[in-house]
Amino acid sequence: MITKKIAVGLLAVAAVYFTSCKPKGSSSAVSGDAASKTYVAPGKYDEFYNFVSGGFSGQLSVYGLPSGRLLRVIPVFSVDPEKGWGYSEETKPMLNTSHGFVPWDDLHHVEMSMTDAMPNGKWVFVNGNNTPRLARVDLKTFRTAEIIELPNSGGNHSSPFGTENSEYIVAGTRFSVPADTDNGDVPINTYKQNFKGHISFVSVNKDNGEMNIAFQLKTPGVNFDLARTGKGKSSGWFFFSTYNTEQANTLLEVNASKNDKDFIMAVNWKKAEEYIKAGKGKKQSVRYAHNKFNEETHTATSEIKNEVTVLDVAEFPDIVYMIPCPKSPHGCDVNPTGEYIVGSGKLAALLPVFSFEKIQKAIADKAFEAEKYNGIPVIKYEAALYGEVQKPGLGPLHTEFDAEGNAYTSFFVSSEVVKWNVKDLKIIDRKPTYYSVGHLMVPGGNTKKPYGKYLVAYNKITKDRYLPTGPELSQSAQLFDISGEKMQLILDFPTIGEPHYAQAVPADLIKNNQVKIFEIAKNKHPYVAKGEGETKVVREGNKVHVYITAVRSHFAPDNIEGVKMGDEVYFHVTNLEQDWDVPHGFGVKGANNGELLIMPGETTTLKWVPDRVGIFPIYCTDFCSALHQEMQGYVRVSPKGSNVPLTWSLGDKK
């Protein structure tokens, strides 16, 4: 049991380490042949797409590996003026929640869609940690296609983790809270009586990717951290790391570190699914938003849903089992065969490796502790344990695997990545990171056949690695070559936001399936103008709808008069281009909104409410041609009650 004094002492030691301990040889940590291993010649493609969480930016970034080049930032949970995400009328519904329009979230984790425990290149799923949400990004368009809110959750950190065929994307609550159906107005110090955790199983349509909350498991009020699905031998099971099993509600750095061990929660999701199909779940009234983007209408819709089905695990003792794990585990990782589950207790100086076969035998033999945990059987530690990696490092966080039977674990306090063998639990190699690594990523490291070759460490501290940028330094990623027995640091590259987890897949899985244009003929937007002959301006009371087109290098119309103070103006801009990579932008002087970025063949809407009388320029914000500067126009705004008629023109055409 850890005392407050000991806990404070550990934090003090860690603080000294962070500020004063610098791995030796940091100025020459990259060897001479590193450049040849990361060089991607002009005009050549990277081997891998690397999808990286943006942390507090709320977005998803895409890098090429091994170059480390930033290819795209995909807006997901946060407004993005570069692409008009959350500013256009079409995308605003994507950020709707039961709380209303929420323009930000905290994106921590990434999960590729899977077929037989291998990426299929269709979608990538990401989590919103703050206002609990899951999102699906379509890899044909590299755009967010769907966002679903998670009820009964006080934080969505333990997600998105998928089953072997992406039947479900699974999400565990970070902050246990009273269920939405309970009276939430309770004293915080009644945590043990009133607070509960929930694990959401979100189904994914294998053809179109549409998500729906299939069911939830109601659990004791613990905090869920990370999770992994079983595979191979452990198919049909899920494993979650849990902390705050003390069920503390204040000063968790001390009060959630009192027990010698927390738990890995083993969930038989196939059994839970059977109970749901048998009608054992209970319907509960809740409120959550389900938002979808339609690529035919180029418009999002948001629907508030009102019901979920819940199983209380305390009522079904063969669904969930607890496995003791060194305190405050972060990672909970399953090796490619599905036989071994690695727990990473942040305050432990060892790594426990559990055996799925031994877990099953322990369940069959009822090798349980005498005392249950909130009604859940607790498997004896030794009965589930395969073995322990001794003295691997300080502050283990996260483990991924290669295809050669090796594991790679990040150590936050000792700032290193350690390679070890899963079968004999022997350490093979260790390399320093710069500094305080959190997550790491091996391409395919969570699959049944990892691609290996590279490892990326995502570090929390970057002192002396890049040019300084004021009080906050760039976020950091470091690329290691793991093709040999010894790891080799070959590249540093900055990232956006605060990177947490990432996943990488071979470029060939995605790059040949890209949508290059949206066909004008198939555009079903209600305000589309499929040619300049269909452009017009229509008044509906105080709403003015401008059907406007963009093509290199003019808008049609480009002169509009008759708008009055008090009007709401809706610019419905259709990009008439039918050529790859020719978007057009659209901006209005003084608009308290954003710009639009309209893809070829797409229609997108900017709402503008003039705040004064005068002449307002409109222009293309995205360079499109040699005459890009000439792609502009004017809108005249007259006083309210003016008799200026509504007119529009392009050149001599009216």
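All of these numbers come straight from a predicted model, not from anything done at the bench. Going along each chain's sequence as written, the residues are numbered from 1 onward. Residue-level local features of this predicted model are given only where pLDDT is at least 70; pairs of side-chain atoms are given and counted only at 80 or more, and the full residue set underlies all totals for whole chains, interfaces and linings. Neither water nor hydrogens contribute to the side-chain values; these are computed over all heavy atoms in the structure.

A. Structural context of the sheet that holds strand S38 (residues 584–588). By the convention used here, strands pair only if DSSP detects at least 2 bridges between them. Helical segments are the DSSP runs of H or I of at least four residues, strand segments are the runs of E of at least two, and each set is numbered from the N terminus. If you trace the 6 strands from one edge of the open sheet to the other, you get S39-S38-S41-S42-S36-S43, paired in mixed fashion. Two strands lie at the open edges of the sheet, namely strand S39 (596–598) and strand S43 (647–649), each paired on one side alone. If you compare each strand with its neighbour and ignore which way they point, the axes differ by 20° on average. Sheet topology places strand S41 (residues 614–619) next to strand S42 (residues 632–638); 6 bridges connect them, and they run antiparallel. Where helices are involved, their axes are fitted lines through C-alpha atoms of the stretch in contact, as for all axes, and angles between N-to-C directions lie from 0 to 180°.

B. Molecular detail of the sheet that holds strand S24 (residues 396–401). The strand order S24-S25-S26-S27 describes an open sheet built from 4 strands, whose pairing is antiparallel. Only two strands of the sheet have a single neighbouring strand rather than two, namely S24 and strand S27 (427–432). Strand after strand, the sheet turns through a mean of 20° between neighbouring axes, direction not considered. Inspection of the sheet shows strand S26 (residues 416–421) paired to S27 by 5 bridges, in the antiparallel sense.

C. Layout of the domain arrangement of the protein. The domain boundaries here were taken from an automatic or database domain assignment. Once the domains are mapped, the protein shows domain 1 (4–96 + 103–113 + 120–179 + 211–513) and domain 2 (520–649). Centre-to-centre, using C-alpha coordinates, domain 1 lies 43 Å away from domain 2. Once two parts are brought into contact, the accessible area they lose, counted with a 1.4 Å probe and summed over both, makes up the buried area. Both sides together, the interface formed by domain 1 and domain 2 hides about 1,200 Å², and carbon and sulfur atoms give 47% of it. Only one rule defines a salt bridge in this text: a Lys or Arg side-chain nitrogen within 4 Å of an Asp or Glu carboxyl oxygen. Taken together, the connections running from domain 1 to domain 2 amount to 2 salt bridges. Measuring nitrogen to oxygen at the nearest pair gives 3.6 Å for the salt bridge that ties lysine 524 to glutamate 296. Here a polar contact means two N or O atoms within 3.5 Å. Within protein one must be a hydrogen donor candidate and the other an acceptor candidate, and residues neighboring in sequence count only if both atoms are side-chain atoms. Applying the counting criterion to the domain 1 and domain 2 interface returns 6 residue pairs in polar contact (both at pLDDT 80 or more). Classes in brief: Ala, Val, Leu, Ile, Met, Phe, Trp, Tyr, Cys and Pro nonpolar; Asp, Glu, Lys and Arg charged; the others, Gly included, polar. Across the side of domain 1 that touches domain 2, the residue classes tally to 2 nonpolar, 5 polar and 7 charged.

D. Broad picture of the environment of glutamate 561. Along the chain, glutamate 561 turns up in strand S36 (residues 559–564). Accessibility here uses a 1.4 Å probe with only protein chains present; expressed as a share of the type maximum, an area under 20% marks a residue as buried, one over 50% as exposed, and anything in between as partly exposed. Looking at glutamate 561, the relative accessible area reads 31%, which means it is partly exposed. Other than its neighbours up to four places away in sequence, glutamate 561 contacts Arg636, Pro645, Leu646 and Thr647. Among the polar contacts made by the side chain of glutamate 561, one reaches the side chain of arginine 636 at a distance of 2.7 Å. It only takes one pair of heavy atoms within 4.5 Å for two residues to be counted as in contact.

E. Structural detail: the pattern of salt bridges. In total, this model carries 35 salt bridges according to the counting rule given. Here glutamate 111 and arginine 228 are joined by a salt bridge, their closest N and O atoms 3.9 Å apart. A residue pair is termed long-range when its members are at least 10 positions apart, and glutamate 111 in strand S6 (residues 110–115) and arginine 228 in strand S14 (residues 223–229) qualify at 117 residues. Residues glutamate 111 and arginine 228 agree in their burial class; the two are buried. With its nearest N and O atoms 2.7 Å apart, the salt bridge here joins arginine 636 to glutamate 561. Taken as a pair, arginine 636 in strand S42 and glutamate 561 in strand S36 lie far apart in primary sequence, 75 residues in all.

F. Summary view of the nonpolar core. As used here, the term nonpolar core means buried Ala, Val, Leu, Ile, Met, Phe, Trp, Tyr and Cys residues forming a set that is joined through side-chain atoms within 4.5 Å. Core analysis: the biggest nonpolar cluster contains 28 residues, and Ile199, Phe201, Leu217, Phe240, Val267 and Ile319 have the highest contact counts within it. At the level of elements, strand S11 (168–172), strand S12 (197–204), strand S13 (211–219), S14, strand S15 (237–243), strand S16 (261–268), helix H5 (269–277) and strand S19 (320–326) are the ones that each hand at least two residues to this core.

G. Representation of helix H6 (residues 356–365) in the model. Buried within H6 are the following residues: Phe356, Ile359, Ala362 and Ile363. Down the axis of H6, the buried side of the element spans an arc of 120°, and every buried residue falls inside it. Of the exposed residues in H6, the ones pointing more than 90 degrees away from its buried face are Lys361 and Ala364. Elements in contact with the buried residues of H6: S15, S19, strand S21 (340–345), strand S22 (350–355) and helix H7 (381–384). In this structure serine 355 caps H6, since a side-chain oxygen of it lies 3.3 Å from the backbone nitrogen of glutamate 357. Positioned one or two residues after H6, lysine 366 has a phi angle of 55°, which is positive. Directions pointing from the helix axis toward each C-beta atom define the arc.

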